[in-house]
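# Residue-level structure breakdown
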Amino acid sequence: MFDVIQINSTAFSRIFKTHRNLVIVQKGPQSKVYFDTKTYAQNQWLCIVEYQTVEDLPMLLGQYTPIMAYQIGQKEQERYTANLQPKKQYEAIIIGGGGHGLATAYYLAKKHNLKNIAVVEKGWIGGGNTGRNTTIIRSNYLWDASAGLYDHALKIWEGLSQELNYNVMFSQRGVMNLAHNLQDVRDLKRRTHANRLNGIDAVWLNTEEVKKFCPIINTSPDIRYPVLGGTLQKRAGTARHDAVAWGYARGADAMGVDIIQNCEVKGIKRNGDQVEGIETTKGFIKSKKIGVVAAGHSSVLANMAGIRLPLESKPLQALVSEPVKPIIDTVVMSNAVHAYVSQSDKGELVIGAGTDSYVSYTQKGSHNIVEETLRAILELYPIFSRMKMLRQWGGI
């Protein structure tokens, strides 16, 4: 819960200004614990533990650690929900308070020693694409560059809960990709060989092995999309999207990053080739470094600075069912029909569909895509035929 560090007098003032949760242990005339109301940084929490003898420390910490943990939790909740006002200037500004934006701020603070950072989010943290994805994590991509990038990310995922001291609910339940025709078989076998050459776990399963790994799949040869086999990456899986956002937010906040919600960017000010800051609904904020991490809206924001990104934004459809008892303990993907299924911890079937064929920024699902996806899913999983869908949406 706490980082224990020894600091000299020159570092003392810097620690006060940059750390949000501080427990100071010092020798005093009597053993006591008190919470200082005179803090030295915005939204700081400060506790001072004084001990008369070293033998008193275990008793003091054992008695007061639960109280400290509760107060830190309350303070963190206040920070995230508070209407935090931005400073006049920052060393760097990240636009977008989703998983990627918060992670960018976290690693800038931790790995690159930038402390005066702001994350600005037009809504609430994790309320955009981070809250709209289907939570799948894998690295079994064909091309060397993609496989290398995603496997590096997968290795980060494997230790992320420990890194953030926050359970992101990463579940390595495996991801299976199905082949429905001879071209699928050739493509997936090629990808399997490429993955193994890159040191990424990947195996080819025949139809019987697919059925054994996921018994509810219909492997009849007479269906519209017969299962001819599939690939399996056992290290892949899912994570809880909102837990990722909150974990990175908590970690960034602890290192002094300002997370400013309900702060929409209206413009990016330039002076020649140099950026000077951003115009927001909370006023102008100065910075010479601005990172745009806003998913499908990144091109819209870049255009404010006169930069045209070669991107097209299209809604990717998804939907969830009513909750049921555990029925599928892996992730099954089918590229031929653009349908993939997993089950959440709450019991809902999380279903990913295809993208709309036109450029759009709507966050609603389109019925034709959803209907075609469900038709294919019902052939592959007849057991789902009487289930009800609860909600659908689109992510940009």
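Before going into details, it helps to say that this report is about the structure given with it. Just so it is clear, the structure is predicted and the values come from calculations on it, not from any experiment. (Residues numbered from 1 in each chain as written. Predicted model: local features only at pLDDT ≥ 70, side-chain atom pairs only at ≥ 80, totals over all residues. Heavy atoms only, no water.)

A tally of helices and strands in the protein chain yields 10 helices and 20 strands. Buried residues in the protein chain amount to 46% of all 396 residues. Counted over contacts in the protein chain with a minimum sequence separation of 6, partners at least 24 positions apart contribute 69%. Accessible area for the protein chain stands at about 20900 Å²; split by element, carbon and sulfur atoms hold 53% of it. Computing the positive centroid from 46 side-chain charges and the negative centroid from 35, the protein chain places the two 3 Å apart. (Helix = DSSP H or I, 4+ residues; strand = E, 2+ residues; numbered from the N terminus. Buried < 20%, exposed > 50% of the residue type's maximum accessible area, 1.4 Å probe, protein only. Contact = heavy atoms within 4.5 Å. Areas by Shrake-Rupley, 256 points an atom, 1.4 Å probe, with all protein chains shown as cover. Lys, Arg positive; Asp, Glu negative; His and termini not counted. Charge placed at Lys NZ, Arg CZ, Asp CG, Glu CD.)

With that out of the way, let us pick up the environment of Gln274. One can find Gln274 in strand S13 (residues 274–280). Separated by 31 residues in sequence, Gln274 and Ala305 place their C-alpha atoms 10.0 Å apart. Look past the residues within four positions of Gln274 in its chain and what remains in contact with it is Lys269 and Lys288. From its side chain, Gln274 meets the backbone oxygen of Lys288 in a polar contact 3.4 Å long. (Polar contact = N/O pair within 3.5 Å; in protein donor to acceptor, adjacent residues only side chain to side chain.)

Next up on the list: the sheet that holds strand S12 (residues 265–271). Spatial ordering of the open sheet is given by S12-S13-S14, a layout of three strands whose pairing is antiparallel. Each of the sheet's edge strands pairs with one partner strand only, and the pair in question is S12 and strand S14 (283–286). With strand direction ignored, the average angle separating the axes of adjacent strands in the sheet is 25°. As paired elements, S13 and S14 share four bridges and run antiparallel to each other. Each bridged residue has a counterpart across the sheet, and for Gly277 the counterpart in S14 is Lys286. (Pairing = 2+ DSSP bridges. Axes fitted to C-alpha atoms, helices over the stretch in contact; angles between N-to-C directions.)

As a further point, take helix H3 (residues 99–111). Helix length check: H3 (13 residues) gives 17 Å between terminal C-alpha atoms against 18 Å at 1.5 Å per residue, within 8%. Within the sequence span of H3, burial applies to Gly99, Gly101, Leu102, Ala103, Ala105, Tyr106 and Ala109. The secondary structure elements touched by the buried residues of H3 are strand S4 (92–95), strand S5 (117–120), helix H5 (160–164), helix H8 (241–254) and strand S11 (258–260). Positive phi shows up at Asn113, right after H3, with a value of about 60°. (Expected span 1.5 Å × (residues − 1).)

Moving on: unusual backbone geometry. Notably, Asn113 is not glycine yet its phi reads approximately 60°, a positive angle. If you check the backbone angles, Thr135 has positive phi at about 70° while not being a glycine. Looking at where Thr135 falls in the secondary structure, it is placed in the loop between S5 and strand S6 (136–137). Accessibility expressed as a relative area gives 16% for Thr135, which makes it buried.

Direction vectors running N to C along H3 and H8 enclose 25°, while the axes themselves pass 9 Å from each other. Overall, the two elements H3 and H8 adopt an arrangement that is roughly parallel. H3 and H8 meet at a crossing whose hand is left-handed. Of the residues in H8, those in contact with Gly99, Leu102, Ala103, Tyr106 and Tyr107 of H3 are Ala245, Tyr248, Ala249, Gly251 and Ala252. Class assignment of the residues belonging to the contact of H3 with H8 gives a composition of eight nonpolar, two polar and no charged. (Parallel < 35°, antiparallel > 145°, perpendicular 65-115°, else oblique. Left-handed = near helix turned anticlockwise from the far one by under 90°. Nonpolar A, V, L, I, M, F, W, Y, C, P; charged D, E, K, R; others polar.)

This next bit is on the nonpolar core. With 27 residues, the main nonpolar core has Leu102, Ile117, Trp157, Val168, Phe170, Tyr248 and Val257 as its most contacted residues. At the level of elements, S4, H3, S5, helix H4 (144–158), H5 and H8 are the ones that each hand at least two residues to this core. For Phe170, the contacting residues outside a window of four places in its chain are Ile137, Leu154, Trp157, Glu158, Arg235, Thr238 and Ala239. Residues Val227, Leu319, Val370 and Met387 belong to the second largest nonpolar core, which totals 25 residues. (Core = buried A, V, L, I, M, F, W, Y, C linked by side-chain atoms within 4.5 Å.)

In terms of burial, strand S16 (residues 316–321) is largely enclosed, as five of its six residues are buried. Taken together, the four bridges between S16 and strand S19 (residues 349–355) define a ladder with antiparallel strand orientation. Each bridged residue has a counterpart across the sheet, and for Leu319 the counterpart in S19 is Ile351.

Under the counting rule described, the total for this entry stands at six aromatic pairs. Centre to centre, the rings of Tyr141 and Tyr150 are 4.1 Å apart; their planes meet at 15°, and the pair counts as stacked. Classification of Tyr141 as partly exposed rests on a relative accessible area of 24%. Among the residues examined, Tyr150 registers a relative accessible area of 35% and is labelled partly exposed. Aromatic pair Tyr381 and Phe384: ring centres 5.1 Å apart, planes at 25°, arrangement stacked. Phe384 sits in the buried class, given a relative accessible area of 6%. Linked through ring pairs, Tyr106, Tyr107 and Tyr248 together constitute an aromatic cluster. (Phe/Tyr/Trp six-rings, centres within 6.5 Å; stacked < 30°, edge-to-face > 60°.)

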